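Remarks on the overall topology
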Amino acid sequence: MLKQVAEGVLIHRSELLENNTVVVHGRDGVLLVDAGITSAEMTCLAKDLRGLGRPVVAGFSTHPDWDHVLWHAELGEAPRYGTARCAAVMQDVFSNADWKVGVAEGLPPEIAEDTPLDLYGLITGLPAETAQLPWHGPKVRIIEHPAHAPGHAALLIEERRVLIAGDMLSDVFVPMLDDSDNPIEDYLVGLGLLEGVADDVDVLIPGHGSVARNDEVRARIKLDRAYVEDLRDARVSSDPRVVSPKPGWEWASGIHEAQARNLARGSEREGTPD
Ligand SMILES: [Zn+2]
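What you are looking at is a predicted structure, and each value in this text was computed from that prediction instead of being measured.

Calculation rules
- Residues numbered from 1 in each chain as written.
- Predicted model: local features only at pLDDT ≥ 70, side-chain atom pairs only at ≥ 80, totals over all residues.
- Heavy atoms only, no water.
- 1 Å grid on protein atoms, 1.4 Å probe; cavity = no way out; pocket = protein on both sides within 12 Å on 5 of 7 lines; lining within 4 Å.
- Points joined across faces, edges and corners; volume = space filled by probe spheres on them.
- Helix = DSSP H or I, 4+ residues; strand = E, 2+ residues; numbered from the N terminus.
- Phe/Tyr/Trp six-rings, centres within 6.5 Å; stacked < 30°, edge-to-face > 60°.
- Pairing = 2+ DSSP bridges.
- Contact = heavy atoms within 4.5 Å.
- Axes fitted to C-alpha atoms, helices over the stretch in contact; angles between N-to-C directions.
- Donors = N, O, S within 2.8 Å, 3.2 Å for Na, K, Ca; no water.
- Buried < 20%, exposed > 50% of the residue type's maximum accessible area, 1.4 Å probe, protein only.
- Right-handed = clockwise from strand over helix to strand, strands pointing away.

Here we come to the layout of surface pockets. Here the largest pocket defines a volume of roughly 810 Å³. Lining the largest pocket are 29 residues; nearest its centre among them are Leu177, Pro183, Gln259, Asn262 and Leu263. Listed by contribution, the elements that provide at least two residues to the lining of the largest pocket are helix 5 (183-197), helix 6 (215-232) and helix 8 (253-271). Here the second largest pocket defines a volume of roughly 250 Å³. Together, 13 residues line the second largest pocket, and Leu17, Trp66, Asp67, Phe173 and Trp251 are the ones closest to its centre.

Under the defined criterion, the tally for this structure stands at five aromatic pairs. Consider the rings of Phe173 and Trp251, whose centres lie 5.8 Å apart with planes at 70°: the pair is edge-to-face. Of this pair, Phe173 sits in the loop between strand 10 (162-164) and helix 5 while Trp251 sits in the loop between helix 7 (240-243) and helix 8, and the two are 78 residues apart along the sequence.

Before going further, it helps to examine the sheet that holds strand 11 (residues 203-205). One open sheet accounts for five strands, arranged 8-9-10-11-12; its pairing is mixed. The sheet terminates laterally at strand 8 (140-145) and strand 12 (212-213), the two strands that pair on one side only. Bridge count between strand 9 (residues 152-157) and strand 10: three bridges; the pairing is antiparallel. By the bridge assignment, Leu155 is partnered in strand 10 with Ile164. Against the sheet, helix 5 makes contact with strand 8, strand 9 and strand 10, and its axis sits at roughly 155° relative to strand 8, the strand it touches most.

A word on the coordination of the zinc ion. Protein ligation of the zinc ion involves Asp67 (OD), His68 (NE2), Asp167 (OD), Asp167 (OD) and His208 (NE2), the donor distances falling in the range 2.1 to 2.8 Å. When the donor residues of the zinc ion are listed from N- to C-terminus, their spacing reads D-H-x98-D-x40-H. Here Asp167 is found in the loop between strand 10 and helix 5, whereas its partner His208 is found in the loop between strand 11 and strand 12, with 41 residues between them in sequence. You'll find Asp167 and His208 in the same group, each marked buried.

Glancing now at empty space enclosed by the protein. Scanning the model with the defined rule gives three cavities of 30 Å³ or more in all. There is about 50 Å³ of room inside the largest cavity. Residue lining of the largest cavity: Asp167, Met168, Leu169, Ser170, Phe173, Val174, Pro175, Met176, Tyr187, His208 and Asp224, and that is the complete set. Taken as a whole, the second largest cavity spans an internal volume of roughly 40 Å³.

Attention now goes to the side chain of His152. Here His152 shows up in strand 9. Apart from the residues lying within four places of it in its own chain, the contact partners of His152 are Thr62, His63, Ile143, Glu144, His145, Ala147, Ala165, Gly166, Asp167 and Met168.

A separate point is the pairing of strand 4 (residues 30-33). Alternating residues of strand 4 divide into Val30 and Leu32 and Leu31 and Val33, and every residue in both groups is buried. In terms of strand pairing, strand 3 (residues 20-25) meets strand 4 through four bridges, oriented antiparallel. When the sheet's bridge partners are listed, Val24 is paired in strand 4 with Leu31. Sheet topology places strand 4 next to strand 5 (residues 56-60); four bridges connect them, and they run parallel. Across the sheet, residue Val33 finds its bridge partner in strand 5, namely Phe60. Crossover strand 4 to strand 5 through helix 1 (residues 39-52) is right-handed.

Right, here's the structure in full:
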């Protein structure tokens, strides 16, 4: 079921991890951001779009994680864009002849059977520094940053005052750091870039969880920054997503525990004379 969140901007929700697929109306059809997860959900979306008489004219994946690079034949053959780095990560995945087995093994068991991998990760990389998505529709600004995953990008639809944040600014997941050399610094850079456009945003659509509006947008940025700084400084987190997660999302606290453990291990290593 499609739900309008701003003029010409709708979301389609996936159940298991509360992924938000975003539909943006353009001149000749729609832009689809992070198309969805299961066959059932994506065919439902395709049916909804047919009902509106709107073909998919472009796709975009916010980053190269499995739940953001799926696609279904019924959504058509429009170009599916991502940043050059995002496309490069997919090429790296495909360079392993057994990639499908690896991806299938990593899927949550609840949905593994109904998650189609035939069109997985077929991303057309946009040249580095591309500022705007190439399509006929409201101007979509690409904000690439190093937080969470290589080639991660948020999209700002300026005339709708909508920010599509990918896997950041969620109310169900704490900030999930990339396993880069400087994950904390990278994350803070990403948050800084999003904060830099916050004055232009009334509606924030995270990759997972609920949409935030108006003052809640800055509140989410602030909360994520506090979480990352607590992690950096090895302070106990008072983040509500850690302390009192949404019912049914208790397992997500494990993400925080693993991140805290990894960083503690990293700083131990740094402190060891060799
Ligand atoms: Zn995700």
